[in-house]
Amino acid sequence: MLKLMYITNRPEVAAIAGETGVDRIFVDLETIGKSERQGGLDTVQSHHKISDIPLIRKAFNGEVLVRSNPIHSGSEKEIDQIIDGGADVVMLPYFKRVNEAAKFIDIVNGRAKVNLLVETAEAVEHIDSILDLEGIDEIHIGLNDLHLAYGMKFMFELLSDGTVERLSKKVLAKNIRFGFGGIAKLGFGDLPAENIIKEHYRLGSTCVILSRSFCNVEKVKDLEIIKNLFHIEMAKLREYEKEVERHLRYFTDNTLQISKSVSNIVASRKA
């Protein structure tokens, strides 16, 4: 089944997520350049801190993934602190050149898993050289920034135009695990989560982020309600994955449905 990640820096929420089957807690330290790229968009811009990592590590029994800042003058110190804090996986965002990825791998130096977040047009252009680097454990395809880089109106155009599939084939050919994007709870999202999950299975993806709408703890404050939501929605999602595994022949129909739905959504946004 898919490895499910949830973004939070709240230990009590991380504990609930772990109890209900979330595989990874995602602590997000990225701030450099993010507001400029995503300003005005309805995207999550976290305000997590390095000091959050050991608290999450203590509260959560699964893996802790930490997204650092892009490579900058303080990267070595930042990554050392991330790993010392208890991160199992460190993610490099918004890189454009092979040497940035290589430097990141060198700094991590085998002390944690390396996850490269491919979310720039330049990273896609140089993906073959990037994948030739030793020490990459995982690739995540970041649909939000990548669709902005290509001037698209909707992030899932990258599914319908074949970009994710082309990248996935290259990554899998190197025996590297990959994931992409995020999903809402079942029955929700401009493009329903059900369609996206089927594409994860068709393409061989192993990891996805549970989006803010899966359980928006900024709006839902009561921990008992949060716990109930996680129990209900995680159970639904895992049961749906079992159904997908039993009906793999429907993937082709799902791909066509995604293409049609994305075209309709893009047309409505251009209108």
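These numbers were taken from a predicted model, which means no experiment stands behind them. Positions within a chain are numbered from 1, following the residues in the order the chain's sequence is written. Only residues with pLDDT of at least 70 get local features here, since the model is predicted, and only at 80 or more are side-chain atom pairs given and counted; chain-wide, interface and lining totals rely on the full set of residues. Side-chain metrics rest on all non-hydrogen atoms present in the structure, leaving aside hydrogens and water.

**Digging into the overall build of the protein**
So, point 1. Here a strand is any run of E in DSSP of at least two residues, a helix any run of H or I of at least four, and the numbering for each starts at the N terminus. Within the protein, the regular secondary structure consists of 13 helices and 8 strands.
So, point 2. With the radius of gyration taken over C-alpha atoms, the globule rule is written as 2.2 Å times the number of residues to the power 0.38. Compactness check: the protein gives a C-alpha radius of gyration of 18 Å against a globular reference of 18 Å for 271 residues, within 12% of the reference.
So, point 3. Its C-alpha atoms put the protein at 50 × 45 × 35 Å along the principal axes.
So, point 4. In the protein, which comprises 271 residues, the share counted as buried stands at 49%.
So, point 5. When contacts within the protein are restricted to residue pairs at least 6 apart in sequence, long-range pairs at least 24 apart make up 70% of them.
So, point 6. Calculation of accessible area relied on Shrake-Rupley with a 1.4 Å probe; when residues are assessed, cover is drawn exclusively from the protein chains displayed. Of the roughly 12,400 Å² that the protein leaves accessible, carbon and sulfur atoms contribute 49%.
So, point 7. Think of it this way: Lys and Arg go in the positive column, Asp and Glu in the negative one, and His and the chain ends go nowhere. Note that the charge is assigned to NZ on lysines, CZ on arginines, CG on aspartates and CD on glutamates. Each charge sign in the protein was given a centre, from 36 positive and 40 negative side chains, and these centres are 3 Å apart. Each residue is placed in one exposure class: buried if its accessible area under a 1.4 Å probe, protein chains only, is under 20% of its type's maximum, exposed if it is over 50%, and partly exposed if it falls in between. Two residues form a contact once any of their heavy atoms are found within 4.5 Å.

**Focus: the side chain of glutamate 100**
So, point 1. Tracing the backbone through its elements, the reader meets glutamate 100 in helix H5 (residues 98–108).
So, point 2. We note that glutamate 100 is buried and unpaired, the nearest opposite charge coming from arginine 97 at a distance of 4.0 Å.
So, point 3. Among residues more than four places away in sequence, those in contact with glutamate 100 are Ile71, Leu92 and Phe95. One side-chain nitrogen of Lys or Arg within 4 Å of one carboxyl oxygen of Asp or Glu is enough to make a salt bridge.

**Remarks on the sheet that holds strand E4 (residues 89–92)**
Adjacent strands of a sheet form backbone hydrogen bonds with each other and so pair up, either parallel or antiparallel.
So, point 1. What the 8 strands build is a closed barrel, ordered E1-E2-E3-E4-E5-E6-E7-E8; its pairing is parallel. Each strand axis lies, on average, 30° off the axis of its neighbour in the sheet, ignoring direction.
So, point 2. Any two strands are treated as partners once DSSP identifies two or more bridges connecting them. Bridge count between strand E5 (residues 113–118) and strand E6 (residues 138–141): 4 bridges; the pairing is parallel. Pairing of valine 118 across the sheet is with isoleucine 141, part of E6.
So, point 3. Fitting a line to C-alpha atoms yields each axis, with helices limited to the stretch in contact; the angle taken between N-to-C directions then spans 0 to 180 degrees. On the sheet, H5 packs against E4 and E5 and is oriented at approximately 160° with respect to E5.

**Focus: the pattern of salt bridges**
So, point 1. What the rule picks out here adds up to 20 salt bridges.
So, point 2. Residues arginine 24 and glutamate 138 are paired through a salt bridge, measuring 2.4 Å at the closest nitrogen-oxygen approach. Here the residue arginine 24 occupies a position in strand E2 (residues 24–28), and glutamate 138 occupies one in strand E6, the gap between them amounting to 114 residues. No difference in accessibility class separates arginine 24 from glutamate 138, as the two residues are buried.
So, point 3. Between glutamate 241 and arginine 238 there is a salt bridge, and its shortest N-O distance comes to 2.6 Å. Separated by 3 residues within a single helix, glutamate 241 and arginine 238 lie in helix H12 (residues 223–246), roughly one turn from each other. Just as glutamate 241 is buried, arginine 238 falls in that class too.

**Focus: the pairing of E6**
So, point 1. Along E6, one buried face is formed by Glu138 and His140 and the opposite face, lined by Ile139 and Ile141, is buried too.
So, point 2. Note that E6 and strand E7 (residues 177–183) share 4 bridges and pair parallel. Among the inter-strand pairings, histidine 140 is bridged to a residue of E7, identified as glycine 179.

**Thoughts on the nonpolar core**
So, point 1. Core analysis: the largest hydrophobic core is formed by 77 residues, its most contacted members being Leu116, Ile139 and Phe230.
So, point 2. Residues contacting leucine 116, with those up to four places away along its chain left out, are Leu92, Phe95, Ala101, Phe104, Ile130, Ile136, Glu138, Ile139 and His140. Buried residues of nine kinds, namely Ala, Val, Leu, Ile, Met, Phe, Trp, Tyr and Cys, make up a nonpolar core once their side-chain atoms join them within 4.5 Å.

**With respect to the packing of aromatic side chains**
So, point 1. Centres within 6.5 Å make a pair out of two Phe, Tyr or Trp rings, where for Trp the six-membered ring is used; the pair is then stacked when the planes are under 30 degrees apart, edge-to-face when over 60, and tilted otherwise. In total, this model carries 3 aromatic pairs according to the counting rule given.
So, point 2. Put simply, the rings of Tyr6, Phe214 and Phe230 pair up and form one aromatic cluster.

**Quick word on the packing of helix H1 (residues 11–19) against helix H3 (residues 52–59)**
So, point 1. The geometry of H1 relative to H3 is characterised by a closest axis approach of 8 Å and an angle of 35° between their N-to-C directions. For H1 against H3, the interelement crossing comes out right-handed. Contacts from Pro11, Ala14 and Ala15 of H1 reach H3 at Leu55, Ile56 and Ala59.
So, point 2. Note on residue classes: Ala, Val, Leu, Ile, Met, Phe, Trp, Tyr, Cys and Pro are nonpolar, Asp, Glu, Lys and Arg are charged, and everything else, Gly too, is polar. For the contact of H1 with H3, the class distribution of residues is 6 nonpolar, no polar and no charged. A crossing counts as left-handed when the near helix is turned anticlockwise from the far one by less than a right angle, and as right-handed when that turn is clockwise.

What is shown is where atoms sit, not what they do.
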